[in-house]
Amino acid sequence: MVRFLLSLTILAVLGCVGKQGECPSVYFGGEIANPTSDYVVLYRNDAYIDSAKLDDTNRFAFRLQGLDEGLYHFDHSPELQYVYLQEGDSLLIRLNTVEFDESLVYSGQGSAINNFLVEMFLAFEEEEPLIYEYYALDPEAFGKKIDSLRSIKINHLEELVADNQLSEKMQSMAKASIDYNTYIYKEKYPFYHKKKTGEETIHELADSFYDYRKTIDLNNRDLTYFRPYFDFMKYHFGNLSYMDCMEHCSTEKKPVSSHLHFNKHKLYLVDSLVVEKDLRDILFRNIAMDYLLKEHEANEECQIFIDKFRSLSTNESHKEEINMLYSGIQGLQPNRELPNLVLKNVDDEEVSLREISKGKTTVFYFWAGSQKKHFENVTAHVEKLKKEYPNHTFVGINLRTSFPQWKLLLDEYRLDKKTQFHGEDFKEVQMSMIVDGLNKCVIAKDTLIVDAFANLYYSF
Ligand SMILES: [Zn+2]
């Protein structure tokens, strides 16, 4: 493998000799073990840049010219990961889809920042259970723990900066990956603390608890599509909305408990505090999605909310998406006919949901081959439910797995092929069945919907 990487680098360099001006200014390539798709697709924010087909040894290469320095992401369906690119980079990756993020290693020119970002991603993922324990602590102790975890990472960043030539932009991206992930913990704290301790009201916090808020940037265009930053914004506005409601609308130290009311606060706060256009629009989209998915009702209140969203958003495709989601939700109300959705059976024949459920009480659930852990858990859980509910037919709908791979998994796990179906078009299944969570299920009687927003773990 090492030899292969070296030879590629040399080729990329040699390929340029004597052709000045025509040389690709950025090379990005590598090898993907156990590929789950034939392509690697490169994006800048939400815009498509280029795609590369894997060759018969599972290698791909991009040669790109005139790229802006900054954060990109590549998609090897169904997974995606960030890559930071800059003029002159000659970057190679090695990746195994079985352990996507854990296996990702960059080498070559431009690798330092990219390996750092992956390392931070994994570090935060790893400390999650620990933080969950810390939420029980009082605010001062919690703050100390969180700050010391942050210092370790900041020290690590300082070493990186000392050992490598990183542009100013890279350094602030690396720092943002530490800071915003860390500040998410603090934005969550009041709510998780209440839940963990069983306290009746939100714990009083000293003003200094939120000191970092003085340094955050609510209008950072470079970070708009960076997950930790965007996630921070979501929690931050959730927190602000709650506090705003407590202050202005509540009487007994409790906020008004209506999703519509709460989400109106959120829309209002984003509208008044965020100026950056893209960031505003994706936050509005997120609030609208969140609201519709939690409420999943179709009534006048929803319509009022959607109208408000439409008046604020400037993004036509977001508006279209929210419309589709809403009409999906309307179509999934109890006693409506099951959506007109067609799946494939193991013999590669088309079968509709209505045909599958005809004359039976059916529970449709969802799984993806790439999410092994979830797949195994859900399979075991469904086996249990089958025994408890012998009159129900449990039907698995597979998503985001190739047809041949799906069939292999059916064999490997000895699943009943009569009750397993393959969904070719993820987006179509997701939108018509509103698949918003891993354990979501749809209960139908004959061809009519009983509960389209049920949960495998809570609804039985
Ligand atoms: Zn309120």
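Being a predicted model, the structure only gives us computed values, none of them experimental.

**Remarks on the overall build of the protein chain**
Scanning the protein chain from terminus to terminus reveals 14 helices and 15 strands. A globule of 460 residues ought to have a C-alpha radius of gyration of about 23 Å, and the protein chain, at 25 Å, matches this closely. Considering only C-alpha atoms, the protein chain reaches an extent of 70 × 60 × 40 Å along its principal axes. By residue count, 28% of the 460 residues in the protein chain fall in the buried class. Sequence separation of at least 24 residues holds for 65% of the intrachain contacts in the protein chain that already meet a minimum separation of 6.

**A word on the pairing of strand E12 (residues 392-399)**
In the case of a regular strand, side chains alternate between the two sheet surfaces. Across eight bridges, the pairing between strand E11 (residues 361-368) and E12 is parallel. Bridging across to E12, Trp367 finds its partner in Asn398. Handedness of the β-α-β unit built from E11, helix H12 (residues 372-388) and E12 comes out right-handed. Pairing analysis gives three bridges linking E12 to strand E13 (residues 420-422), with the strands arranged parallel. Paired with Gly396 across the bridge in E13 is Gln420. Read from E12 through helix H13 (residues 403-412) to E13, the crossover connection turns out right-handed.

**Quick look at the sheet that holds strand E6 (residues 79-85)**
Working definition: the strands of a sheet are paired by backbone hydrogen bonds and lie parallel or antiparallel to each other. Strand order in the open sheet formed by four strands is E3-E2-E5-E6, with antiparallel pairing between adjacent strands. The sheet is open, and its two edges are formed by strand E3 (47-53) and E6, each paired on a single side. Recorded for the sheet is a direction-independent mean angle of 25 degrees between the axes of neighbouring strands. Relative to strand E5 (residues 70-76), strand E2 (residues 39-44) runs antiparallel, the two sharing three bridges. Across the sheet, the residue bridging to Leu42 is Phe74, located in E5.

**Some details on the sheet that holds strand E7 (residues 90-96)**
With mixed pairing, the four strands of this open sheet are ordered in space as E4-E1-E7-E8. The strands lining the two open edges of the sheet, one partner per strand, are strand E4 (59-64) and strand E8 (105-109). With direction set aside, neighbouring strand axes in the sheet form an average angle of 15 degrees. Of the pairings in the sheet, the one linking strand E1 (residues 26-33) to E7 comprises seven bridges and is parallel in character. Within E7, the position partnered with Tyr27 by the bridge is Ser90. In the packing of helix H3 (residues 111-134) onto the sheet, contacts are made with E7 and E8, and the angle to E8 comes to roughly 165 degrees.

**Here we look at the packing of helix H9 (residues 300-312) against helix H10 (residues 316-331)**
Here H9 crosses H10 at 170 degrees, and the two axes come no closer than 11 Å. Taken together, H9 and H10 sit at an angle that is classed as roughly antiparallel. Contact residues: H9 offers Cys302, Ile306, Phe309 and Arg310, while H10 offers Lys319, Ile322 and Tyr326. When grouped by side-chain class, the residues that make up the contact of H9 with H10 number five nonpolar, no polar and two charged.

**Description of the packing of helix H8 (residues 277-295) against H10**
The N-to-C vectors of H8 and H10 enclose an angle of 0 degrees; their axes lie 10 Å apart at closest approach. Relative to H10, H8 is oriented roughly parallel. Contact residues: Asp281, Arg285, Ala288, Met289 and Leu292 in H8; His318, Ile322, Leu325, Tyr326 and Ile329 in H10. Among the residues forming the contact of H8 with H10, the class breakdown is seven nonpolar, one polar and two charged.

**Re the domain arrangement of the protein chain**
By a frequent convention, interface size equals the accessible area lost on bringing the separate parts together. According to the domain assignment, the protein chain consists of domain 1 (2-109), domain 2 (135-216), domain 3 (226-331) and domain 4 (342-455). Domain 3 puts six residues into the contact, and the matching count from domain 4 is five residues. If you tally residues by element for the side of domain 3 that touches domain 4, the top one is H10, at four residues.

Each value, and the rule that gives it
Residues numbered from 1 in each chain as written. Predicted model: local features only at pLDDT ≥ 70, side-chain atom pairs only at ≥ 80, totals over all residues. Helix = DSSP H or I, 4+ residues; strand = E, 2+ residues; numbered from the N terminus. Rg over C-alpha atoms; globule rule 2.2 N^0.38 Å. Buried ≥ 20, exposed ≤ 12 C-beta atoms within 10 Å, placed from the backbone. Contact = placed C-beta atoms within 7 Å. Pairing = 2+ DSSP bridges. Right-handed = clockwise from strand over helix to strand, strands pointing away. Axes fitted to C-alpha atoms, helices over the stretch in contact; angles between N-to-C directions. Parallel < 35°, antiparallel > 145°, perpendicular 65-115°, else oblique. Nonpolar A, V, L, I, M, F, W, Y, C, P; charged D, E, K, R; others polar. Domains from an automatic or database assignment.

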